[in-house]
Amino acid sequence: MSELFPLTVQGAKVQRRGKVLLGPVDLTLEGQGVTVVIGPNGAGKTSLLKMLHGIVRLSAGKVTWACGQTEAQRRQGFVFQAPVMLRRTVLENLTYPLQLANMAKPEAMARAKDWTQRIGLGDAQTRQATVLSGGERQKLALARALIRDPDVLFLDEPCASLDGRAMREIEEILQAAAKSGTRIIMSTHDMGQARRLATEVIFILRGKVHEFAQAGAFFNSAQTVQAREFLNGDIVE
Ligand SMILES: Nc1ncnc2c1ncn2[C@@H]1O[C@H](COP(=O)(O)OP(=O)(O)OP(=O)(O)O)[C@@H](O)[C@H]1O
């Protein structure tokens with residue numbers, strides 16, 4: 001399989017009705033680790049993830065994967081902030097992406113069952129996904145993305161409004177995925193989570209990449225006043 005990274009972003013801009021929402025962004029991401037995107041509400045975190053994933057129209061610039069766009073697209077997953085579940089059972093939600101990828105039914109079923117165990121929904125295999133709790137839903141969405149073994153997984157606020165236990169379970173799944181080689185690029189508004197998971201940080205402010213650094217360096221000695229204020233919990237606009 002060809003190399004997916006580096007992912008290179010050059011002068012990329014997202015514009016809506018004449019207003020620049022994001023950019024210009026210049027960024028190079030390498031193939032290891034967990035990249036956490038942080039910044040104030042409305043700063044452009046979701047837009048950046050969508051830009052990298054290739055699901056927003058650019059008004060300028062380009063986003064380039066080492067292996068080319070078509071192959072890169074196939075090797076990525078994306079978990080949205082409020083994932084939509086199929087009106088089917090937990091198991092069917094997990095087998096569906098595998099069937100789309102033409103996996104034989106017995107293997108798809110075995111993998112789906114295995115994932116229900118891993119996410120603590122082993123007893124809920126035949127429950128309708130639409131009646132799951134917020135945390136269960138989020139875990140199912142994560143499993144549905146990971147079940148296809150993506151090389152890169154984008155997640156937009158995977159733990160928004162979840163309690164501590166659900167958050168811990170999701171972080172454990174993410175850490176296991178990262179350990180087994182899945183490249184994770186995610187946003188969070190939770191600085192504790194950012195510190196626990198990040199190996200590198202992108203700090204976004206007013207639609208621009210304000211700071212991009214290794215996690216240790218960023219949390220210990222952020223370079224810009226705004227990043228330091230944000231880490232202090234001050235209001236940064
Ligand atoms: N489709 C759209 N049309 C117009 N404006 C948009 C659109 N999508 C996003 N925006 C605006 O672009 C800016 C960036 O939004 P984005 O969702 O990327 O920010 P965010 O950092 O993820 O915010 P939050 O932390 O609140 O989720 C915001 O001002 C938002 O209102």
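Residues numbered from 1 in each chain as written. Predicted model: local features only at pLDDT ≥ 70, side-chain atom pairs only at ≥ 80, totals over all residues. Heavy atoms only, no water.

**Some details on the sheet that holds strand E1 (residues 7–16)**
Part 1 of the argument: Spatially, 3 strands are ordered E2-E1-E4 in an open sheet, and the strand pairing comes out antiparallel. The sheet terminates laterally at strand E2 (19–29) and strand E4 (60–65), the two strands that pair on one side only. Averaged over all pairs of adjacent strands, the angle between their axes in this sheet comes to 20 degrees, without regard to strand direction.
Part 2 of the argument: Note: E1 against E2, 7 bridges, orientation antiparallel. (Pairing = 2+ DSSP bridges. Helix = DSSP H or I, 4+ residues; strand = E, 2+ residues; numbered from the N terminus. Axes fitted to C-alpha atoms, helices over the stretch in contact; angles between N-to-C directions.)

**Quick notes on the pattern of salt bridges**
Part 1 of the argument: In total, this model carries 9 salt bridges according to the counting rule given.
Part 2 of the argument: A salt bridge links Arg-165 to Glu-169; its shortest N-O distance comes to 3.6 Å. Residue Arg-165 and its partner Glu-169 are located together in helix H6 (residues 164–179), separated by 4 residues, close to a single helical turn.
Part 3 of the argument: You can call Arg-165 exposed: its relative accessible area is 59%.
Part 4 of the argument: Because the salt bridges share partners, they merge into one network encompassing Glu-71, Arg-75 and Asp-151. (Salt bridge = Lys/Arg side-chain N within 4 Å of Asp/Glu carboxyl O. Buried < 20%, exposed > 50% of the residue type's maximum accessible area, 1.4 Å probe, protein only.)

**Considerations on the UniProt feature "domain: ABC transporter" (unreviewed entry) in the chain**
Part 1 of the argument: With numbering matched to this structure, UniProt assigns "domain: ABC transporter" (unreviewed entry) to residues 7–231.
Part 2 of the argument: Helix makes up 40% of residues 7–231 and strand makes up 26%, while its end C-alpha atoms are separated by 27 Å. (UniProt positions renumbered as here; feature names shortened; annotations may be inferred.)

**Describing the environment of Ser-180**
Part 1 of the argument: Secondary-structure assignment places Ser-180 in the loop between H6 and strand E7 (183–187).
Part 2 of the argument: Taking the C-alpha atoms as reference points, Ser-180 and Asp-151, 29 residues apart in sequence, are found 9.9 Å from one another.

**Quick word on the site of the ligand**
Part 1 of the argument: Around the ligand, the neighbouring residues are Arg-16, Leu-21, Pro-40, Asn-41, Gly-42, Ala-43, Gly-44, Lys-45, Thr-46 and Ser-47.
Part 2 of the argument: At a separation of 2.7 Å, an oxygen atom of the ligand approaches a polar side-chain atom of Thr-46.
Part 3 of the argument: Broken down by element, the shell around the ligand gets its largest block of residues, 3 residues, from helix H1 (residues 45–53). (Near = heavy atom within 4 Å. Polar contact = N/O pair within 3.5 Å; in protein donor to acceptor, adjacent residues only side chain to side chain.)

**A few points about the packing of aromatic side chains**
Part 1 of the argument: Using the criterion set out here, one finds 6 aromatic pairs in the structure.
Part 2 of the argument: Measuring from ring centre to ring centre gives 5.4 Å for Phe-5 and Trp-65, while their planes differ by 70 degrees; the resulting arrangement is edge-to-face. Residue Phe-5 is found in the segment before E1, and its partner Trp-65 is found in strand E4; the two are separated by 60 residues along the sequence.
Part 3 of the argument: Of the residues examined, Trp-65 reaches a relative accessible area of 4% and is grouped as buried.
Part 4 of the argument: With a centroid separation of 5.5 Å and an interplanar angle of 80 degrees, the aromatic rings of Phe-218 and Phe-219 are classed as edge-to-face. Exposure class is identical for Phe-218 and Phe-219. Each is buried.
Part 5 of the argument: Put simply, the rings of Phe-203, Phe-218, Phe-219 and Phe-230 touch in pairs and so form one group of aromatic residues.
Part 6 of the argument: For the cation-ring pair, Arg-118 lies above Trp-115, with the distance from its terminal atom to the ring centre recorded as 4.1 Å. (Phe/Tyr/Trp six-rings, centres within 6.5 Å; stacked < 30°, edge-to-face > 60°. Lys NZ or Arg CZ within 6 Å of the ring centre and 35° of its normal.)

**Quick notes on the layout of surface pockets**
Part 1 of the argument: In this structure, the largest pocket occupies an estimated 620 Å³ of space.
Part 2 of the argument: Counted by class, the lining of the largest pocket contains 15 nonpolar, 3 polar and 6 charged residues. (1 Å grid on protein atoms, 1.4 Å probe; cavity = no way out; pocket = protein on both sides within 12 Å on 5 of 7 lines; lining within 4 Å. Points joined across faces, edges and corners; volume = space filled by probe spheres on them. Nonpolar A, V, L, I, M, F, W, Y, C, P; charged D, E, K, R; others polar.)

**Some points on the pairing of strand E3 (residues 34–38)**
Side chains on a regular strand alternate between the two faces of the sheet.
Part 1 of the argument: Buried residues dominate E3, accounting for 5 of its 5 residues.
Part 2 of the argument: With 4 bridges connecting them, E3 and E7 associate as parallel partners. Among the inter-strand pairings, Thr-35 is bridged to a residue of E7, identified as Ile-185.
Part 3 of the argument: Sheet topology note: the E3/strand E8 (residues 200–205) ladder contains 4 bridges and is parallel.

**Observations concerning the pairing of E8**
Part 1 of the argument: Along E8, 6 of the 6 residues are buried, which leaves the element largely enclosed by surrounding structure.
Part 2 of the argument: Residue alternation in E8 divides its side chains into two sets, Glu-200, Ile-202 and Ile-204 and Val-201, Phe-203 and Leu-205, and both sets are buried.
Part 3 of the argument: Sheet topology places E8 next to strand E9 (residues 208–214); 6 bridges connect them, and they run antiparallel. Bridged to Leu-205 within E9 is Lys-208.
Part 4 of the argument: Between E8 and E9, which pair antiparallel and follow one another directly, the connecting turn spans 2 residues, one of which, Arg-206, has a positive phi of 45 degrees.

**Re helix H5 (residues 134–146)**
Part 1 of the argument: With 13 residues, H5 should reach 18 Å at 1.5 Å per residue; the first-to-last C-alpha distance of 18 Å fits that figure.
Part 2 of the argument: Considered for burial, the residues of H5 that qualify are Gly-135, Gln-138, Lys-139, Leu-140, Ala-141, Leu-142, Ala-143, Ala-145 and Leu-146.
Part 3 of the argument: Lining the buried residues of H5 we find strand E5 (76–79), helix H3 (90–100), helix H4 (105–118), strand E6 (152–156) and H6. (Expected span 1.5 Å × (residues − 1). Contact = heavy atoms within 4.5 Å.)

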